[in-house]
Amino acid sequence: MSWRTKSKLDWLRTLPGLAEEEPLDSRNSFGIGGPAEFFLELGKAEAIEKTIAGAKTREIPYLLLGAGTNLLIADRGVEGLVIRVVNRDFHVAGTRVRAAAGLKMMRLARIAADANLRGFEFAIGVPGTVGGAVYQNAGSWGKELSEVLVEADGFSPGSGKKTWTPIELKLGYRTSALREGALKGSLVVSATIQLDRGDGEEAKRLMAKLTRERNETQPIKTKNCGSVFKNPPGDSAGRLVQAAGLKGLREGKALVSQQHGNFIINEGGATADDVRRLIERIQAEVGRRFNMQLETEVELVGRWK
Ligand SMILES: Cc1cc2nc3c(=O)[nH]c(=O)nc-3n(C[C@H](O)[C@H](O)[C@H](O)COP(=O)(O)OP(=O)(O)OC[C@H]3O[C@@H](n4cnc5c(N)ncnc54)[C@H](O)[C@@H]3O)c2cc1C
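These figures come from a predicted structure and were not determined experimentally.

Right, let's get into the overall build of the protein chain. On a plain count of helices and strands, the protein chain comes out with eight helices and 18 strands. For the protein chain, the C-alpha radius of gyration of 20 Å lies close to 19 Å, the compact-globule estimate for 305 residues. When the backbone C-alpha atoms are referred to their principal axes, the protein chain occupies close to 55 × 50 × 30 Å. Counting across all 305 residues of the protein chain, residues that qualify as buried make up 51%. If you take every contact in the protein chain between residues at least 6 apart in sequence, the share linking residues at least 24 apart comes to 65%.

Before going further, it helps to examine the nonpolar core. In globular proteins that are soluble, nonpolar side chains generally tend to be buried together. Counting 57 residues, the largest nonpolar core has Leu12, Phe120, Val134, Leu145, Leu169 and Ile193 as its most contacted members. If you tally residues by element for this core, the top one is helix H3 (residues 105-114), at six residues. Mapped onto the domain boundaries, this core takes at least three residues apiece from domain 1 (6-85) and domain 2 (90-217). In terms of nonpolar packing, the next biggest core, distinct from the first, is built from 26 residues, Leu72, Val228, Phe229 and Leu294 among them.

Below, the discussion takes up the site of the ligand. The environment of the ligand is formed by 34 residues, the closest being Leu64, Gly66, Thr69, Thr129 and Gly139. Separating an oxygen atom of the ligand from a backbone N or O atom of alanine 133 is a distance of 3.3 Å. Isolated, the ligand exposes 980 Å² of accessible area, and the fraction of that covered by the protein chains is 95%. If you list the elements that add at least two residues to the shell around the ligand, you get strand E3 (62-65), helix H4 (130-136), strand E9 (139-140) and strand E13 (187-194). Ranked by the residues each element gives to the shell around the ligand, the list is headed by H4, at five residues. Residue composition of the shell around the ligand, by class: 15 nonpolar, 16 polar and three charged. When residues of the shell around the ligand are assigned to domains, at least three fall in each of domain 1 (6-85) and domain 2 (90-217).

Our next topic: the pattern of salt bridges. Tallied over the entire structure, the rule returns 23 salt bridges. Note that aspartate 114 and lysine 204 form a salt bridge whose closest N and O atoms lie 2.7 Å from each other. Of this pair, aspartate 114 sits in helix H3 while lysine 204 sits in helix H6 (residues 200-217); the two residues are 90 residues apart in sequence, bridging distant segments of the chain. The class for aspartate 114 is exposed, based on a relative accessible area of 52%. Overall, lysine 204 belongs to the partly exposed group, its relative accessible area being 31%. Its salt-bridge partner being arginine 174, residue glutamate 144 comes within 3.7 Å of it at the nearest N-O pair. In this pair, glutamate 144 is assigned in strand E10 (residues 143-144) and arginine 174 in the loop between helix H5 (166-169) and E13, connecting sequence segments 30 residues apart. Looking at glutamate 144, the relative accessible area reads 22%, which means it is partly exposed. Residue arginine 174 is classed as buried on the basis of its relative accessible area, which comes to 11%. Each of Glu251, Asp274, Arg277 and Arg281 takes part in a single network of salt bridges with overlapping partners.

Moving on to the environment of aspartate 273. Here aspartate 273 lies in helix H8 (residues 272-290). Between the C-alpha atoms of aspartate 273 and glycine 172, which are 101 residues apart in sequence, the distance is 29 Å. Setting aside residues up to four positions removed in sequence, aspartate 273 forms contacts with Asp75, Trp304 and Lys305.

Here we come to the layout of surface pockets. The space that makes up the second largest pocket amounts to roughly 210 Å³. Together, 14 residues line the second largest pocket, and Asp89, Arg98, Ala100, Val189 and Ser190 are the ones closest to its centre. Counting residues per element, the ones that place at least two in the lining of the second largest pocket are helix H2 (45-57), strand E6 (90-93), strand E7 (96-100) and E13. The element best represented in the lining of the second largest pocket is E7, accounting for three residues.

Let us look at the domain arrangement of the protein chain. For the protein chain, the domain assignment lists domain 1 (6-85), domain 2 (90-217) and domain 3 (237-301). Put simply, the middle of domain 1 and the middle of domain 3, counted by C-alpha atoms, are 28 Å apart. Tallying the contact residues gives 10 residues for domain 1 and 14 residues for domain 3. Note on domain 1 versus domain 3: buried area summed over both sides is about 1100 Å², and carbon and sulfur give 62% of it. The interface formed by domain 1 and domain 3 includes zero salt bridges. At the junction of domain 1 with domain 3, the criterion picks out eight residue pairs in polar contact (both at pLDDT 80 or more). It is strand E4 (residues 71-73) that provides the largest number of residues to the side of domain 1 that touches domain 3, a total of three residues.

With antiparallel pairing, the three strands of this open sheet are ordered in space as E15-E16-E17. Single-partner strands in this sheet number two, and they are strand E15 (250-251) and strand E17 (264-266).

Cut-offs applied
Residues numbered from 1 in each chain as written. Predicted model: local features only at pLDDT ≥ 70, side-chain atom pairs only at ≥ 80, totals over all residues. Heavy atoms only, no water. Helix = DSSP H or I, 4+ residues; strand = E, 2+ residues; numbered from the N terminus. Rg over C-alpha atoms; globule rule 2.2 N^0.38 Å. Buried < 20%, exposed > 50% of the residue type's maximum accessible area, 1.4 Å probe, protein only. Contact = heavy atoms within 4.5 Å. Core = buried A, V, L, I, M, F, W, Y, C linked by side-chain atoms within 4.5 Å. Domains from an automatic or database assignment. Near = heavy atom within 4 Å. Polar contact = N/O pair within 3.5 Å; in protein donor to acceptor, adjacent residues only side chain to side chain. Areas by Shrake-Rupley, 256 points an atom, 1.4 Å probe, with all protein chains shown as cover. Nonpolar A, V, L, I, M, F, W, Y, C, P; charged D, E, K, R; others polar. Salt bridge = Lys/Arg side-chain N within 4 Å of Asp/Glu carboxyl O. 1 Å grid on protein atoms, 1.4 Å probe; cavity = no way out; pocket = protein on both sides within 12 Å on 5 of 7 lines; lining within 4 Å. Points joined across faces, edges and corners; volume = space filled by probe spheres on them. Buried area = accessible area lost by both parts, 1.4 Å probe. Pairing = 2+ DSSP bridges.

Encoded structure:
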């Protein structure tokens, strides 16, 4: 039975700033996907908390959206309410920085360097937000958020405001209890990281070098979602895709990058179904040739057939 009763729709329509059938393709790095049935952009933690608590009580499905850099959104869009989290404040206190969930990781990396703090340079390669990075335990160049995260403030509908330790967050390789566990559906409000005092100019030089290396090895200027697959233990998904001869494979306007096998590019006009078919073909071929099951790092959300 549909959740769309008159009283639930009436409640949704009381929310200030609510949009209906709002396009999401311009709000994710793939540039793909149908609209949000209902959409809100919220910058105040209390407003987001109140809204998801209200949605949860009424059993209205909701999805939190950061920068949309790790999502494949279905062509038929997303059912229920999509809330784009845009709180972006931060506070530097000694060697600790607290950053709101909507702040971009790249921006936070520059803020840390400006404050002469070291140890967050790896985040210059992560185009998503702090909230998405906690959800995903984002990482790059052999480092990940869990190595510097002290705690995250959050909100779970039902149990209220919480401060989670990294252990409670169960941060693993590109996962957490928010993605697959007890904290599913919870909101990350902010994250506090612990860095080292050091030379900010050196940090900026290192970030410039890492960015140059990335530009040379990955199709950064295209529409993509970063790594499509997680690396299997002791191997790399990109290497397996290349070894299976799948670079350049295509479905419609979705193409496996020639530059890096773990990237799928939207050449313009690719559908989510194109990308999904390509993902499934890669998984089948890599499975057949190397007896290895590639797991997706990108998250498929929305109304799939
Ligand atoms: C070119 C490119 C390069 C990339 N390189 C890397 C890399 O080196 N390392 C890496 O780890 N990732 C990389 N990524 C993937 C992506 O940037 C990260 O996974 C990032 O952490 C996702 O953040 P986001 O804000 O875009 O999240 P979204 O894609 O918007 O959402 C992803 C998930 O996080 C949840 N979420 C978002 N905000 C919150 C919140 N406040 N509270 C609770 N849940 C929330 C969403 O509900 C969703 O389930 C790359 C992506 C691109 C496009």
